[in-house]
Structures are given as C-alpha cells and as structure tokens.
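Chains, contacts and geometry: an overview
Read off the chains here:
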Amino acid sequence: MDYILQLLSSLTQEALAPTTAAFALAAIGLNVHFGLTGLVNMGQAAFLLLGAYGFAISITNGLPFGMAVLVALAISIVFAVILGIPTLRLRGDYLAIVTISGAEIIRMVGRSSLLTDTTGGSNGITGSSYRDPFNALSFLPDGTTTILWFSYSNNGVNGWWIRIVGWGLVALFTLVLFLLMRSPWGRVVKAIREDEDAVRSLGKNVYSYKMQALVFGGALGALGGIIYVLPSSVQPDAMGRSMTFFIWTALILGGAATVFGPVLGSILFFVLRLFIRTIAGDFIPNSIMNAQQAEQFSYVLVGVALMLLIVFRPQGLLGNKKELTFSV
Amino acid sequence: MSEPTTTPGVPTALTAVQHAPGSPKPDAILTVDNITRRFGGMTAVDVGHLEVQRGAITALIGPNGAGKTTFFNLLTGFDKPSSGKDARWQFNGKTLGNTGAAKVARAGMVRTFQLTKALSRLTVMQNMLLGAKDQPGENFFAALISPVWRKREQEITAKAEDLLDRFKLLEKKDDYAGSLSGGQRKLLEMARALMSDPTMIMLDEPMAGVNPALTQSLLGHIQSLRDDGMTVLFVEHDMHMVRHISDWVVVMAEGKVVAEGPAATVMDDQAVIDAYLGAHHDTDLGDDSLLNEETYEELADEVAEEDAADTADEGKATR
C-alpha cells in the first residue's frame, strides 16, 4: 500500500514538474505548426534551444529579465522567418528537411568550442548564472509550502515559483490556442493544412498564413525553452533531435489539432516513462535490467507506443478521426 | 426573361462581333495577349489574342489536350507563362500578368477546379465561410478577440445559408465535406466561389459527375448569375450544355484558339471539325479505290518534299 501511494505521489509530482510544462508549451507550438496548419516542423527543439540561449546569454550579459525574454522570442522569430522564406512556398516535405537540419546546425554551433565564452560550448551554461533575476520576480514569501503531498521551497531552484509561471503560461496559451482554433484565422489555416491551392483560389495569402503559424509556434517553443532551462541548465546536447521527437510523441499521443491534446500528451509522456522506469527498477532484478537499462527501455517503449498510436489511433486520445491531420 | 437567356441565340451585344479567333468584343472584361506555356519541348498554350465579353457566358471547348485547363491555370495565376514579359492580360482594367493566384482571386476572378478541391475535413459551412471576403477575424491578432469578427461572421453565415439553399446543400451544412458525393462537391465548390461576389467566375468542367436533373438546375443558376451581371467562363466537354447556355464559344486546339462564335454556328467551322475529328475525317484512308493516278502523284510529291526537307535538316545538323 505504501509503495503504491509513494509511486502515485512521485508520478503526480512528475506530471506537474516544470519540465512537463516546458514540453507542453513546446507541444502547443508544434500543434499550431502541425495540428492546425499542417507544417511538418522536425526541429522544434531548436526553437527551445534558441529561446534558452537567447535568455541565458542576455542575462549573463547584464540585460534585465524582460529584455532577456524579448531577445529569446526575437531570436526564435528570426529563425522561423529564415527557415520559412525558402521552404514555405514549396511542398511540406521540404520544411521537414530544412527544420531538422536547421535544428542540428543550431545545436552544433552552440556546442562548438569556438563559442565557449558565449554559449559554454558542450558544457552549456550553468543555471545559477541566469536564474536569479527570474526568482527575484517571485511574490511568494521565502520558505517551503506543502500542498497535499507536493512539498517544494517557494522560491528555490525547482520550487513553486517556476511551477506557477510554467503552468500559468501553459494555461494562457491553451486559451489562446482555443480562441485561435474557433476563429476565422483557425479556419483558414486548417484549410491550408488540407489543400493550399483551394485556399489560394479563394483569395487568401497562403504563404503569409503559414509564416504566421511558423513564427507563433516557434515563439511558443522559445518560451518552453526558457521554462525548460530555468530549473536546470542550458545543455545543447539535451535539446537535440530526440527532444523534437519527444515533443512529437507528446502531441500525437494527446491528439493533434485539439485544444488539450498537447498538454495531456506531455503529462502522459513523462508520467508513463517514470512509471515504466520505477516499475522496472523495483521489480526486475539488476541482473536482467539495471537502472540505466530501464531508462533506455522506457525510451524503447515510447517508440513502440508511437508506432502503435499511429497505426491504431492516429487521431490521438482526444482527436476527432474525421478531422485527422494526416492521411493514413 | 429576355430573349438571349432562354435560347441559345446570340445576345445583342455580340451580334456584330466577327466570328474569328481573337476578334475584338464591344465590352471586354478580360483581354489576353501573347500568352504561351511550354512544358519542355511541348507547347501547351499559345494564345496570341483573346477577349472575353463582360456579362456573357463564354464556353471554352476543345479536344483533350487542347490546353484548356493550362490556359485556365495561367489566367488565374496558378501557373506562370513561358512568354514572360511579353505575356499581358488585363482583367476589369487591372493588369494581371505575373500575379499570384490569391491576388487574382481578390481582384474578382474566382475559379473552380476540374478535380474538385472541396476541403473534406472541414464542414460544408466552414468551406462556405472560407470563401467570404473581408472577414477581419482572418487576421491573427483580431482572431483572438471575437467581438471584432462576430458580426461579420453572422452576415456571411446568413449569406452562405442562402447560397447553400440555392444549391440544395443546406441540410448538409454541418456535415464534413468529405461525406458529400462527387457531384455535391462540385456544387459546394461553385457555391463557395460565389461567396466572394466575384465579377468573373471561371468554372473548370462544372458538370462533370453531376446528375442530369441537377445539371438542369445548375444551368439555371449559371444563367441567373449572368443575368445578375456576372461574367462566366467555363470549360466543358458536354456539347449539349455548351449549346444550351453559352452566349459565345471559344474553341482551342493544340494550345491555340482556332475558332470563335456563337454555339449554333461555331461547330460548323472547318477548323473546329478538323480539331475534333482530324482533317481527313471524311476520307476512308483504308479504301484502295481512292488511290487513283492523281492521288499517287500527290503522295509522291509530298514524299519528295519531305525527303528534301529531311536532307536539308540533316545537312544543318552535321554542319
């Protein structure tokens, strides 16, 4: 009994962790790209990484907190525009190729030893060098608060303040996504997802709509990146291709083109992985599978789950099959 | 109803127009000059000059591969002419050379497609609302504040219901367009194009796949559009329909406009018969009795000429 309670408490804590909120934000951004507009962005992690770098480097160079966030957003917007200009006039596949290589370029440049003074090279930037201005904004008193079994320090490195801001942003942008989806703007981009030429023949500037979606989703990715690195550190190698695929898994698991799909998907993604890891660690003897292997095994299961999902429930948990975003 | 709407006769404005390719019209809404489109070595469209009369129904006919759809794509900005800057076309006083498809549509020339592009994962009503112009909610920031676009949304919804009713699709308005039959999709696409109140509507084979009873009522709709002052240009293979509603017929063959005229007489034009049936359609080429002395001589001359031409070509090539 105690074991189950302890497991449940650690699973719920994982569900509400800042990292989950960061993934949810990035998945909402990807939902605007793929779910609404049909843009196959295979480099969402680059937007997170650019957001993280933009924020952290601005702070370490003495910019105030607000400016640092603006710099992070501006960089991600510029990146989106640069990726979009050559590819958005072409068929969707080209965007996928360009974003995946664009993301790798950003990561490789970030970890290059030539830039060690700025980006910290492959070691990244430690959290303590950019975290203070964010924690200084907290209106919470110092100390530790316990609600149910959630016990965190109010303003600590990984405490209540970052959780409140992270999930507050998730709630805000879920609302924005909801408003966009039922608006005429949402109608136009959903139509673009299906047939660009039809939309063009009705007098809409398809290129401009795709660019708007790419920029908006990318900016959300940058915000997610800031939330992702605030409780930890900027690690370029932790924000590579695999992160992009995890965001995709979260989105498809929850349901692309739905309002709560990205959030639900992100939560389930982390909770299920922790669940597999814990169960495997506690019940499978070390001679068969040790903790490190259990971690990797959980990733294997993520891949299997993604395949099964695409085959048997391509609309995700919350999606509407009639409105499926990709053809199967 | 006035005389020209019910009979396949020629409307008064077009009676004086010469029955020749590229003839000038008294009130042309669309004027096309030097528009060519090549795909590799094949010239799909090569139109020197064409005018389309305002407020009339013009049919564009021609055998398969005549370049009708390519010509349509060029006019509506979905394709770019190979003739570059020489290609010029004017629509309603505006120059439309090298203009994107969306801008052409905003200028008031809206098209439909031969293979329908009904958006099957949107509902019928959403398809219709997409066709409307001036919806402020299509701006990203305005979209977030619903009071900005609510009123306009109600206006265009009412208009869409009205149009759907006319096209017998009203009871389907909340169904996904993917659940409609092929003919209904054609209707939806036409209704959607009308949502923007175009000055000219371009229909690419509007009747293909529509059942005969519906065709009749659609023909009525197209004629009433014309009576409301809209210009209609359509591509069609069904000659019965062409005879029935078109005021003027333009015939294309091998990328060129070969004949123009009213439906009743244009089919008798020698160029049209040649285009559809081949220049030797009334000669039985397998009949040996036709091969008299005279024909032998003619054929021999032709062969000699071709040989001479070939050697000349070869000479050029080897040099």
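Small disclaimer: the values here were computed from a predicted structure and weren't measured.

What about the overall build of chain A?
From N to C terminus, chain A includes 14 helices and 2 strands. Taking 2.2 N^0.38 as the reference for a compact globule, 328 residues should give roughly 20 Å; the C-alpha atoms of chain A span a radius of gyration of 20 Å, in line with that estimate. With the principal axes as the frame, chain A shows a C-alpha extent of 60 × 50 × 40 Å. By residue count, 48% of the 328 residues in chain A fall in the buried class. Looking at chain A alone, contacts between residues at least 24 apart form 73% of all its contacts between residues at least 6 apart.

Considerations on the interface of chain A and chain B
Counting from both sides, the interface comprises 26 residues of chain A and, opposite them, 27 residues of chain B. Elements that contribute at least two residues to the side of chain A that touches chain B include exactly α8 (160-181), α9 (184-194), α10 (196-201) and α11 (206-229) of chain A. A per-element tally of the side of chain A that touches chain B places α9(A) first, with 8 residues. In terms of residue class, the side of chain A that touches chain B is made up of 11 nonpolar, 6 polar and 9 charged.

Concerning unusual backbone geometry
In the Ramachandran plot, A:A257 falls in the positive-phi region, its phi being about 65° despite a non-glycine side chain. Here A:A257 is to be found in the loop between α12 (241-254) and α13 (261-283). C-beta crowding within 10 Å serves as the criterion here: with 26 such atoms nearby, A:A257 is assigned to the buried category. With phi around 55°, B:N92 is a residue other than glycine that occupies positive phi space. Following the sequence through the fold, B:N92 ends up in the loop between β4 (88-91) and β5 (94-95).

A word on the sheet that holds strand β3 (residues 57-61) of chain B
Residue and element names in this part refer to chain B. Taken in spatial order, the 6 strands line up as β6-β7-β8-β3-β9-β10 in an open sheet, and their pairing is mixed. Looking along the sheet, the strands with just one partner apiece sit at the ends: β6 (109-111) and β10 (256-261). Each strand axis lies, on average, 20° off the axis of its neighbour in the sheet, ignoring direction. Both strand β7 (residues 200-204) and strand β8 (residues 231-235) contribute to a ladder of 5 bridges, which runs parallel. Note on β8: the bridge partner recorded for D204 is V235. Here helix α2 (residues 68-75) sits on the sheet in contact with β3, β6, β7, β8 and β9 (248-253), set at roughly 150° to β7.

Description of helix α2 (residues 18-36) of chain A
All names here are of chain A. Between its first and last C-alpha atoms α2 spans 26 Å; for 19 residues at 1.5 Å apiece the expected length is 27 Å, and the two agree. The largest bend in α2 comes to about 35°, at L30. Downstream of α2 by a residue or two, G38 has a phi angle that is positive, lying close to 80°.

Brief notes about the nonpolar core
All names here are of chain A. Judged by nonpolar contacts, the single largest core of 172 residues is most densely connected at L25 and A52. Sorting elements by how many residues they give to this core places α11 first, with 14 residues. Ignoring sequence-local partners within four residues, the contact set of L25 consists of L169, V170, F173, L220, L223, G224 and I227.

Overview of the sheet that holds strand β1 (residues 28-39) of chain B
Residue and element names in this part refer to chain B. Spatial ordering of the open sheet is given by β2-β1-β4-β5, a layout of 4 strands whose pairing is antiparallel. Unpaired on one side and paired on the other, β2 (42-53) and β5 mark the two borders of the sheet. Bridge count for β1 against β4 is 4 bridges, and the pairing is antiparallel. Directly across from T31, in β4, lies its bridge partner Q90. Packed onto the sheet, α2 meets β1, β2 and β4 and runs at close to 65° relative to β2.

Section: the pairing of β8(B)
All names here are of chain B. In terms of burial, β8 is a largely internal element, 5 of the 5 residues being buried. One ladder, built from 4 bridges, connects β3 with β8; its direction is parallel. Bridging from a neighbouring strand, A59 pairs with F234 of β8. Regarding the hand of the β-α-β motif, the stretch spanning β7, helix α8 (residues 212-227) and β8 is right-handed.

Considerations on the confidence of the model for chain B
Residues and elements named next belong to chain B. Here chain B averages 84 in pLDDT, and 91% of its residues register 70 or above. Across residues 1-8, confidence stays below pLDDT 50; counting only partners more than four residues off in sequence or on other chains, it has 11 contacts. Interface confidence in the predicted complex, given as ipTM, is 0.84; pTM for the same model is 0.86.

Regarding the pairing of β2(B)
All names here are of chain B. Here β1 pairs with β2 via 10 bridges, running antiparallel. Note on β2: the bridge partner recorded for L30 is V52. Where β1 folds back on β2, the antiparallel hairpin that results is connected by 2 residues, among which G40 adopts a positive phi of roughly 60°.

As for the packing of helix α3 (residues 44-60) of chain A against α11(A)
Residues and elements named next belong to chain A. The interhelical angle for the contact between α3 and α11, taken along N-to-C directions, is 60°, at an axis separation of 7 Å. It follows that α3 is oblique to α11 by the angle criterion. For the element pair α3 and α11, the recorded crossing hand is right-handed. Residues Q44, F47, L48, L49, L50, G51, A52, G54, F55 and A56 of α3 touch α11, and the partners they reach there are G218, G221, A222, L223, G224, G225, I226, Y228 and V229. Classifying every residue of the contact of α3 with α11 gives 12 nonpolar, 7 polar and no charged.

What about the packing of α9(A) against α11(A)?
Residues and elements named next belong to chain A. Where α9 meets α11, the closest approach of the two axes is 10 Å, and the angle between their N-to-C directions is 105°. Of the possible angle classes, the one that applies to α9 and α11 is roughly perpendicular. Residues V188, V189 and I192 of α9 form the contact with α11, whose participating residues are V206, Y209, K210 and A213. Its residues assigned to classes, the contact of α9 with α11 shows 6 nonpolar, no polar and 1 charged.

Here is what the cut-offs are and how they apply
Residues numbered from 1 in each chain as written. Chains lettered and ligands numbered in written order. Predicted model: local features only at pLDDT ≥ 70, side-chain atom pairs only at ≥ 80, totals over all residues. Helix = DSSP H or I, 4+ residues; strand = E, 2+ residues; numbered from the N terminus. Rg over C-alpha atoms; globule rule 2.2 N^0.38 Å. Buried ≥ 20, exposed ≤ 12 C-beta atoms within 10 Å, placed from the backbone. Contact = placed C-beta atoms within 7 Å. Nonpolar A, V, L, I, M, F, W, Y, C, P; charged D, E, K, R; others polar. Pairing = 2+ DSSP bridges. Axes fitted to C-alpha atoms, helices over the stretch in contact; angles between N-to-C directions. Expected span 1.5 Å × (residues − 1). Bend = angle between axes of the 7 residues up to and from the residue. Core = buried A, V, L, I, M, F, W, Y, C linked by C-beta atoms within 7 Å. Right-handed = clockwise from strand over helix to strand, strands pointing away. pLDDT = per-residue confidence, 0-100. Parallel < 35°, antiparallel > 145°, perpendicular 65-115°, else oblique. Left-handed = near helix turned anticlockwise from the far one by under 90°.

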